[in-house]
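Residue strings, one per chain:
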Amino acid sequence: MKSFIWIVVSILMILIGFAPVNAQDNCSIEISGRVVDAETGKGLSFASVLLQESGQGAYADSAGFFSIKEICRGDYTLKVSHIGCVPRKMVLQLRQDTTITFSLDHDESILHEFVVEAKEETDVTLTKISIKQAQLETTSGLQLAEQALAIPGMRMQETGNTIAKPVFRGLQGNRLLVLNAGVRQEGQYWGSEHAPEIDPFLAQQVSVIEGVDALRYAPDAIGGLLLVEPADVFGSDSLSGALTGMGATNGRGGALGGELMGRFSEKLPLYFRGQISGRKFGDVRTPDVFLVNTGAEELNYSYALGWKGEEWKAEVFYSNFNQRIGIYRYSHLGNLTDLYEVITGIRSNPDTTDFSYDINRPYQEVGHELFKGRAEWELNEENTIEAIYSRQFNSREEFDIHVGINPSAEELARPQLDYALTTHLGELIWRGKFDSFSRSVGVTGLFRENNFRGRNFMPNYRNTSFGVFGLEQRDLGVWKLKYGARYERYDAAIFNPVASEDDPLNLDFDGFSAALAAKKDLKNGDLTLSAASFWRAPAVNELFTSGLHHGIGAIEQGDSELQKERSYSLSATLRKVFGRTRFLATAYANFIDNYIFLNPRDIELTIRGAFPRFDYEQTDALYWGADLQVDGQLDEGLSYLATASLVWAQNVETGDFFINIPAHQFSAEVKKTWNDLGQIKQPWISLSGNYTMEQYRAPSVFPFESVFQSGVDTELPRSFDFAGAPDAYFLLEARAGMRVGNTSFQIGVENLLNNTYRNYMNRFRYYMDEPGINLTLRIKHNF
Amino acid sequence: MNISKFFRFSIFALAALTFVACEDDDDDDDTPSAVNEEELITDMVLTFTNTADQSVSTFTFSDPDGPGGNAPSIDDIVLTDTAVYNVSVQVLDASNPNDVEDITSEVLEEDEEHQFFYIPGGGADNSLTVTYETSEVDDDGNPIGVSTVWNTLQPTTDNETIQIVLRHDLDKNAPGLSINDFAGAGGETDIDVTFNLTVTD
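For every chain, the first residue of the written sequence is number 1, and numbering continues from 1 onward in sequence order. Chains and ligands are labelled by the order in which they are written, letters from A for the one and numbers from 1 for the other. The predicted origin of the model limits local features to residues at a pLDDT of at least 70 and limits the giving and counting of side-chain atom pairs to 80 or more, whereas totals for whole chains, interfaces and linings rest on all residues. With hydrogens and water stripped out, all remaining heavy atoms of the structure feed into the side-chain values.

Draft legend 1. Empty space enclosed by the protein, seen in detail. All names here are of chain A. Detection works on a 1 Å grid of protein atoms alone, calling trapped sets that fit a 1.4 Å probe cavities and calling open sets with protein on both sides within 12 Å along at least five of seven lines pockets, with lining residues defined by an atom within 4 Å of a point. Grid points are joined across faces, edges and corners, and a volume is the space filled by probe spheres set on the points. With the rule as written, the count across this model stands at 15 cavities of 30 Å³ or more. The calculated volume of the second largest cavity comes to roughly 500 Å³. Around the second largest cavity, the lining is made up of 33 residues, and of these Arg184, Asp220, Arg448, Asn463 and Tyr490 lie nearest the centre. In this description a helix means any DSSP run of H or I spanning at least four residues, a strand means any run of E spanning at least two, and both kinds are numbered starting from the N terminus. Counting only elements with at least two residues in the lining of the second largest cavity, the list comes to β24 (417–433), β25 (437–454), β26 (461–475), β27 (479–494), β29 (525–536) and α5 (540–544). Looking at the lining of the second largest cavity element by element, the count peaks at four residues for β25. Under the grouping applied here, Gly and all other residues not named as nonpolar or charged are polar, the nonpolar ones being Ala, Val, Leu, Ile, Met, Phe, Trp, Tyr, Cys and Pro and the charged ones Asp, Glu, Lys and Arg. Of the residues contributing to the lining of the second largest cavity, the split by class is 17 nonpolar, eight polar and eight charged.

Encoded structure:
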């Protein structure tokens, strides 16, 4: 049986070739060759090759080639190592010039491996940073945003403990797009309590791309793109699969996943992959109490079928996502007075010590279906054409606490807010290879329709978007260049309650996006520079939202006069290997012109009392920061990883701070791996600490007291939050794992010290502490 | 490894089923239709009957477009000194002027879970007292507060107010619970309206 893509076990092969050469001096022998990945056969860049006896050594270049000169005759131990791989030693009798190829196995003990890809294909991504299957397994059963946290610069915005949304370099929501299997995920992007509707078990690889590489997908990737990539349907000729199980003590739940793939018959080039997963958790416990109604359940499945002909291949993909998530019971409040009493502790929430799996109001029921068909024709060596059609249904039902006074049975059964979003997307792309460059050109068309029932928060709309893009890349020797531009036209027809079906309000926006990235090979590293400008049309919620948001007790008001938003971003990423240390650093700045945000404006009286009103407004914003990561080996089997994620954001026009910008975060992890103990392969333990600072650049606190005294006439600050940013916190986590045969085991303890803390990036920080200690067990069996 | 016919069949069956499922969903989404089914409370009407002469006056809080949009209109309550008023409160959904819905009856149907509170502000507790109409109780014998009795004691000075709050899901037997204090009883706010109050000579 052929091994699966995600199995990081393969057979070591050493191919040694001897080249006969002329008689030589004693110390003029050269050893050269290549270090390759045993699994993929690709060169391993910057692998280190060391002759232990003489101390002579070299690093491979970006393609894996190396050479060491002026070696004296003798017997040597040659050690080849590469971060992410099991180091190899071999004894050599060096008598003449020698050429040698090493294949290195992946090391399962490696810490958060990030991979910067440079495939030798027409479509090279220069800015992609990925986390792969092996690492995703260490967080299996968690939400997608939680699993993506291993990507440098990736953070998350939470709503309670059941809803997590990815945040990249401070940006989220409408500005950070998510792609599922190459298709732009269409959901209700706008709410921070709307997590991506994607089964995390589907992911073979999770990546982030920015700048020029995002142009192919969208004109509006202002904060980048998060790619969720399932396994290639053509990945296995034989039947193979995996079963994954995860259990956790906090929430007393777990997740199960199964996957099967292969080829139907040897005669037919027809391939398949099927996958199913489920998750169920009950109430989560802080160090002190159970949080009422914080359970979640999920059932998802997907399949893919693929046909690989001589010059063409075609595949269909279908995924189905179903989720029911409890929202913390005491997060839905009456009015400003209620919020004040909870924040100041005048009223304490009646949390209990009774655990429950029940999910009652308030809760969300979310469904997502994606169907995709894709065909690729290789017209000749140089030209390829790809066509993709996809259709998505997204449904979101929100069941509030407030169902009206004396509700009827029918009122009790239905959601207070019900969205149905249907999206069709077509893409046609040509890719060509030329002597000195390659080029791709594509057209895309998108149709969206949104319907709502219930609480009148956002109008119905239909919307079309047409785009044309062109990308080129050139290899200039030292520099690799990729650049491109995209034109997009966006039309929207807005219906009730803003206008009507017969006489809709029509809006249109259009504009260009353009980007450039350049990558330079350095000694033992590389440098990537990226510049990009994206734009996006104001979203329908930003234009027309009107009403009371129960979850946060605030009135939100759209502005139909909003203009399009445009970003100008720059970033530089440096990767370098120094001895046993690998270093990754990114610095970035993103200036956003006409940045759309919710600005606190007023206090509004309603029959339920006073509520703050937030208006959608535009300003100029600047986001800047740095992501740093250092990892390496301290000793045989002892490795470490240290990261820093720094982000700043500011309203350039007023100098104010924005709300919900992640505070700086620092983490460090050490890991010890031992040699195989009989059947127990590569046992390891690790300990990691994570320090999150207080967000000292937070808006001022809402002046509750003066509002209650002087009512609606109170002068409000230009920017505010309902409570100050929570204190800094430190979390400790321990993990251990091993592999027996085809089965891997991992146990972990999160929040080892059972610390009580609140997280600034959790919208429920006003009401609840974060979860306490959690013990997890993960088992994966490959077959 | 070979795959059995049964297995192949089940894969195709699954595929076929999911395609059918897609079609079904599509039918639902053909026409956008907005139905605003949410129950809104837009108006609170206070009806005052002077026990001396049976004269009736009404004061209203009205916000027909609901939260956001246009600001609500709020009448000033004007009463005469040293009088006794029987007061009843009525809550309405008047968002559709052609179909005004009285929600008071729904409150009364769920009377064990609801209670109105009357909180004088700005020194108004010197100008009047408000007590529950003793005959109006729920099945447990606790007050509801739709009907109240207001005694004016002296003319008001500036800035006196009366706040009227409807709470639900509260513990009506909580210690310290009174007509002007619901702090320890839990529950949530359905209505919270403050009227300016004038008691004339």
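Draft legend 2. Spatial organisation of unusual backbone geometry. Residues and elements named next belong to chain A. In this structure, the amide linkage connecting arginine 361 to the following residue, proline 362, adopts the cis form with an omega of -5°. Along the chain, the position of proline 362 falls in the loop between α3 (336–343) and β22 (363–378). In this model, asparagine 594 sits at a positive phi of 60°, which is unusual for a non-glycine residue. Within the secondary structure, asparagine 594 is located in strand β33 (residues 581–606).

Draft legend 3. Just the sheet that holds strand β4 (residues 57–59) of chain A, in detail. Residues and elements named next belong to chain A. Any two strands with at least two DSSP-identified bridges between them are counted as paired. Read from one edge of the open sheet, four strands run β4-β3-β6-β7, paired in antiparallel fashion. Sheet topology places β4 and β7 (88–94) at the edges, where each strand pairs with a single neighbour. Each neighbouring strand pair of the sheet contributes to a mean axis angle of 20°, computed without reference to strand direction. Sheet analysis places strand β6 (residues 74–81) next to β7, joined by seven bridges and oriented antiparallel. Paired with tyrosine 76 across the strands is leucine 92, a residue of β7. For helices, the fitted axis covers only the stretch in contact; all axes are lines through C-alpha atoms, and the angles between them, taken along N-to-C directions, range from 0 to 180 degrees.

Draft legend 4. Structural detail: the packing of aromatic side chains. Residues and elements named next belong to chain A. Note on aromatic pairs: the rings of Phe, Tyr and Trp (six-membered ring only in Trp) are paired at centre separations within 6.5 Å, and the planes decide the class, stacked below 30 degrees, edge-to-face beyond 60, tilted for the rest. Considering all chains together, one arrives at 38 aromatic pairs over all chains under this definition. On the basis of an interplanar angle of 70° and a centroid distance of 6.4 Å, the ring pair of tryptophan 430 and phenylalanine 434 is categorised as edge-to-face. Aromatic pair phenylalanine 597 and phenylalanine 658: ring centres 5.4 Å apart, planes at 75°, arrangement edge-to-face. Separated by 61 residues along the polypeptide, phenylalanine 597 in strand β33 and phenylalanine 658 in the loop between β35 (638–651) and β36 (665–673) bring together distant segments of the chain. Neither residue differs from the other here; phenylalanine 597 and phenylalanine 658 are each classed as buried. Ring pairs connect the aromatic residues Tyr340, Phe614, Phe702, Phe704, Phe708, Phe720, Phe722, Phe764, Tyr766 and Tyr767, which therefore count as one cluster. In this analysis the charged atom, NZ for Lys or CZ for Arg, is taken to sit over a ring once it is within 6 Å of the ring centre and within 35 degrees of the ring normal. If you follow lysine 671 out to its NZ or CZ, it ends over the ring of tryptophan 684, 4.1 Å from the centre. Whether a residue is buried, partly exposed or exposed follows from its accessible area with a 1.4 Å probe, protein chains only, as a fraction of its type maximum: under 20%, in between, or over 50%, in that order.

Draft legend 5. Focus on the pairing of β25 of chain A. Residues and elements named next belong to chain A. Examined bridge by bridge, β24 and β25 share 17 bridges and lie antiparallel to one another. The partner of threonine 422 across the bridge, within β25, is glutamate 449. Adjacent in sequence and paired antiparallel, β24 and β25 are bridged by three residues. Bridge analysis of β25 against β26 gives 14 bridges, and the strand direction is antiparallel. Considered in β26, the bridge of threonine 444 is made with glycine 467.

Draft legend 6. Layout of the environment of serine 57 of chain B. Structurally, serine 57 of chain B can be placed in strand β2 (residues 56–62). Here, residues are in contact when the closest pair of their heavy atoms is within 4.5 Å. Look past the residues within four positions of serine 57 of chain B in its chain and what remains in contact with it is Leu46, Thr47 and Phe48 of chain B.

Draft legend 7. Representation of the nonpolar core in the model. To qualify as a nonpolar core, a set must consist of buried Ala, Val, Leu, Ile, Met, Phe, Trp, Tyr and Cys residues joined through side-chain atoms within 4.5 Å. In terms of nonpolar packing, the biggest core is built from 49 residues, with Ile151, Val206, Leu226, Tyr595, Tyr623 and Phe658 of chain A touching the most fellow members. Not counting residues within four places of it along the chain, the set of residues in contact with tyrosine 623 of chain A comprises Arg169, Gly170, Leu171, Tyr588, Ala589, Asn590, Ile592, Tyr595, Trp648, Ala649, Phe658 and Ile661 of chain A. Counting residues in each nonpolar core, the second largest holds 42 residues, with Leu79, Val89, Trp150 and Ile179 of chain B among its members.

Draft legend 8. The arrangement of the sheet that holds strand β10 (residues 161–168) of chain B in detail. Residue and element names in this part refer to chain B. Taken together, the four strands give an open sheet; going across it, the order is β4-β11-β10-β7, and neighbouring strands pair in mixed fashion. Looking at which strands have only one partner, the edges of the open sheet turn out to be β4 (77–80) and β7 (114–121). Taken over all neighbouring pairs, the strand axes of this sheet differ in orientation by 30° on average, direction set aside.

Draft legend 9. Up close: the confidence of the model for chain B. Residues and elements named next belong to chain B. The quantity known as pLDDT measures the predictor's confidence residue by residue, on a range of 0 to 100. Residue-level pLDDT values for chain B average 82, and 81% of them are 70 or greater. Per-element averaging of pLDDT across chain B places helix α1 (residues 5–28) at the bottom with 49 and strand β9 (residues 147–152) at the top with 96. The low-confidence segment residues 17–36, where pLDDT is below 50, has 41 contacts with residues more than four positions distant or belonging to other chains. Here the complex is predicted with pTM 0.84, and the ipTM for its interfaces comes to 0.80.

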